[in-house]
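Listed here are the chains, written in short residue letters.
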Amino acid sequence: MALEMTKAPTFGEFIMDRQADFPFVSGQLTRLLTDLGVAAKIVNQQVNRAGLTSILGASGATNIQDERQQKLDVFADEAFMRILSSGKSVCGIGSEEQEHFVRCGEDGEGRQGKYIVLIDPLDGSSNIDVNVSIGTIFSIVRRLTPMGEPLKEKDFLQPGTSQVAAGYVLYGSSTMLVYTTGTGVNGFTLDPAVGEFFLSHPTMTFPSKGSTYSINDAVKARSDRPTQDFIDGCRDAADAGFRGRYIGSLVADFHRNLLHGGIYLYPSTIDQPQGKLRLLYECAPLAWIAEEAGGKAVDDGVRIMDKRPQSLHERSPFYIGNRHLVEALEACRWARRGGQGRNAPSKGLTPAPIP
Ligand code: AHM
Ligand code: MG
């Protein structure tokens with residue numbers, strides 16, 4: 001029997017084809033996205049060996065190349081840093097693993113390269129050692145300082161609306177790369193036998209209704225009243241199919257909610273008024289993907305994409321997912337304010353998140 005085979009585009013082919021959608025492009029963004037895909041494959045390989053790495057590294061913690069065994073998140077950071085900074089497209093990198101912005105180039109001033117990358121190299125740290133899905137999140141913006149001049153801090157501190165590309169890699173039961181450049185969201189699955197990402201999820205959108213809520217229950221207990229009202233409403237709607245699902249890896253929780261419909265919440269709390277998640281390399285890129293997929297992302301009152309960061313590791317409360325669920329949460333906030341102030345709910349919307 002003849003095998004029927006169709007070949008989906010690879011990630012590389014897809015971004016090359018898409019390059020034509022942007023007039024006057026120089027190809028630097030295409031090269032940068034290609035480099036991200038390569039780095040993701042290298043990190044994926046190590047993630048898949050996570051348990052072995054510690055066994056193999058136990059004797060003196062050195063590997064066959066006589067390099068010290070590293071924690072996976074440090075390894076991921078170094079892999080992305082090395083690959084991104086050795087291409088010609090990137091002038092600066094801001095990473096969760098680095099205290100300060102890194103300016104690329106021989107003089108360390110970031111004079112060349114059009115793009116800045118903000119990255120969480122390995123998100124979901126608490127899940128690394130227990131074989132649960134983790135991810136990488138990235139955001140790309142254009143430099144503001146003219147080419148040839150040293151990069152300034154303002155180049156890194158741009159709002160989500162300035163992004164030219166954003167995406168994530170999910171190291172799960174399979175490895176996926178999902179990204180947007182503002183013309184929809186596309187997902188690629190890594191075929192480990194071939195070592196290529198193939199287009200598997202074209203034009204991703206949230207389903208019209210979602211019924212999953214994702215929150216750390218202990219954090220919910222310390223969150224503000226509107227968040228608690230909303231979650232209580234979700235629980236009360238269990239008969240209507242509402243259910244709580246929380247992996248504790250943002251990428252994995254977001255990805256599941258994107259595919260099946262739902263909302264992820266990391267609220268402000270009494271002890272962490274700004275929440276936990278970082279605006280530049282966790283919230284903003286996922287917010288753009290959510291919006292491109294028909295969803296919504298806000299903090300306690302402002303669209304995440306509009307927030308102007310003041311520092312590299314700035315945190316933000318974060319609510320993201322199906323538009324109707326995020327708006328139901330906003331309706332709870334509005335109701336708690338006695339129907340005063342910003343963000344009046346859309347007509348007919350009630351705090352009850354019944355689908
Ligand atoms: P990390 O960047 O240190 O891994 O922290 C971010 C992670 C998210 O992936 C996840 O959703 C959240 O922190 C879990 O936090 P908690 O353990 O407080 O629920
Ligand atoms: Mg993180």
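Residues numbered from 1 in each chain as written. Chains lettered and ligands numbered in written order. Predicted model: local features only at pLDDT ≥ 70, side-chain atom pairs only at ≥ 80, totals over all residues. Heavy atoms only, no water.

1. Comments concerning the overall build of the chain
Which entries qualify depends on this criterion: Working definition: helices are DSSP H or I runs of at least four residues, strands are E runs of at least two. Numbering for both runs from the N terminus. With a 1.4 Å probe rolled over the protein chains alone, any residue whose accessible area is under 20% of its type maximum counts as buried; one over 50% counts as exposed, and the rest are partly exposed. We call two residues in contact whenever any of their non-hydrogen atoms come within 4.5 Å of each other. The protein chains shown are the only cover counted for residues, whose accessible areas, like all others here, come from Shrake-Rupley with a 1.4 Å probe.
For the chain, the helix and strand inventory stands at 10 helices and 13 strands. Counting across all 355 residues of the chain, residues that qualify as buried make up 50%. Expressed as a percentage of contacts within the chain between residues at least 6 apart in sequence, the contacts between residues at least 24 apart total 66%. Summed over all atoms, the accessible surface of the chain reaches about 16400 Å², with 51% contributed by carbon and sulfur.

2. As for the pairing of strand S5 (residues 163–171)
For a regular strand, side chains alternate in direction, first toward one face of the sheet and then toward the other. Quick reminder of the rule: A strand pair is defined by DSSP finding two or more bridges across the two strands.
Counting buried positions along S5 gives 9 out of 9 residues, so the element sits mostly inside the fold. Both strand S4 (residues 134–142) and S5 contribute to a ladder of 8 bridges, which runs antiparallel. Paired with phenylalanine 138 across the strands is glycine 167, a residue of S5. The sheet contact formed by S5 and strand S6 (residues 175–180) spans 6 bridges and is antiparallel. Across the sheet, residue leucine 170 finds its bridge partner in S6, namely methionine 176. Between S5 and S6, which follow one another and run antiparallel, lie 3 residues.

3. A word on the coordination of the magnesium ion (ligand 2)
Quick note on the threshold: Coordination here is defined by N, O and S atoms within 2.8 Å of the metal (3.2 Å for Na, K and Ca), and since water is not considered, a site can look incomplete.
Surrounding the magnesium ion (ligand 2) are the protein donor atoms Glu96 (OE), Asp120 (OD), Asp123 (OD) and Glu282 (OE), which sit 1.9 to 2.7 Å from the metal. In the primary sequence, the donor residues of the magnesium ion (ligand 2) line up as E-x23-D-x2-D-x158-E. Of this pair, glutamate 96 sits in the loop between strand S1 (90–95) and strand S2 (102–103) while aspartate 120 is found in strand S3 (residues 115–123), placing the two residues 24 residues apart along the sequence. Residue aspartate 120 is classed as buried on the basis of its relative accessible area, which comes to 0%.

4. Some thoughts on the site of ligand 1
Here is the rule we go by: The rule for a residue being near a molecule or strand is that one of its heavy atoms must lie within 4 Å of it. Polar contact is defined as a pair of N or O atoms within 3.5 Å, subject to the rule that within protein one atom must be able to donate a hydrogen and the other to accept it, and that residues adjacent in sequence are counted only when both atoms are side-chain atoms.
Around ligand 1, 16 residues are found, and the nearest of them are Asp123, Tyr246, Leu250, Tyr264 and Tyr266. Between ligand 1 and glycine 124 there is a distance of 2.8 Å, counted from an oxygen atom to a backbone nitrogen or oxygen. Glutamate 282 places a polar side-chain atom, nitrogen or oxygen, 3.1 Å from an oxygen atom of ligand 1. Relative to its unbound accessible area of 470 Å², ligand 1 is 84% covered by the protein chains. Among the secondary structure elements, those contributing two or more residues to the shell around ligand 1 are S3 and strand S11 (263–266).

5. A word on the sheet that holds strand S13 (residues 318–321)
The condition that has to hold: Here an axis means a line fitted to C-alpha atoms, over the contact stretch when the element is a helix, while the angle between two N-to-C directions is reported on a 0 to 180 degree scale.
Taken in spatial order, the 5 strands make up an open sheet running S10-S9-S11-S13-S12, and their pairing is mixed. Among the strands making up the open sheet, the edge pair consists of strand S10 (243–244) and strand S12 (296–298). Note: strand S9 (residues 212–214) against S11, 2 bridges, orientation parallel. Bridge pairing in S11 links serine 214 to tyrosine 264. Contacting S12 and S13, helix H9 (residues 279–292) crosses the sheet at an angle of about 25 degrees to S13.

6. Quick notes on the side chain of arginine 278
Locating arginine 278 in the fold gives a position in the loop between S11 and H9. Excluding its chain neighbours within four sequence positions, the residues that come into contact with arginine 278 are Glu96, Cys283, His313, Glu314 and Arg315.

7. With respect to the environment of proline 202
Considering the arrangement of structural elements, one finds proline 202 in the loop between strand S8 (196–201) and S9. Separated by 17 residues in sequence, proline 202 and valine 185 place their C-alpha atoms 7.2 Å apart. Not counting the four nearest positions on each side in its chain, proline 202 is found in contact with Val185 and Asn186.

8. Some details on the state of the cysteines
Put simply, the rule reads: In what follows, a disulfide is any cysteine sulfur pair within 2.5 Å.
Considering all chains together, one arrives at 0 disulfides under this definition. Not engaged in a disulfide, the cysteine cysteine 234 finds its nearest cysteine sulfur in cysteine 332; these two sulfurs lie 8.2 Å apart.

9. Some words on the sheet that holds strand S7 (residues 185–191)
What the 8 strands build is an open sheet, ordered S2-S1-S3-S4-S5-S6-S7-S8; its pairing is mixed. The sheet is open, and its two borders are formed by S2 and S8, each paired with just one other strand. Along the sheet, helix H4 (residues 72–86) makes contact with S1, S2, S3, S4 and S5, crossing S3 at roughly 160 degrees. Relative to S5, helix H8 (residues 250–260) is tilted by about 100 degrees, and along the sheet it contacts S3, S4, S5, S6 and S8.

10. Thoughts on the nonpolar core
Worth spelling out the cut-off: To qualify as a nonpolar core, a set must consist of buried Ala, Val, Leu, Ile, Met, Phe, Trp, Tyr and Cys residues joined through side-chain atoms within 4.5 Å.
Membership of the largest hydrophobic core comes to 39 residues, with the highest contact counts inside it found for Leu32, Leu33, Leu36, Leu122, Ile140, Tyr171 and Tyr179. In this structure leucine 32 touches Leu84, Ser89, Val90, Tyr115, Val117 and Ile140, once residues within four positions along its chain are discounted.

11. A word on unusual backbone geometry
A negative phi angle is the norm for most residues apart from glycine, just as the trans form is the norm for most peptide bonds. Phi angles above zero are rare outside glycine, and asparagine 131 is one such case at about 60 degrees. You can call asparagine 131 exposed: its relative accessible area is 77%.

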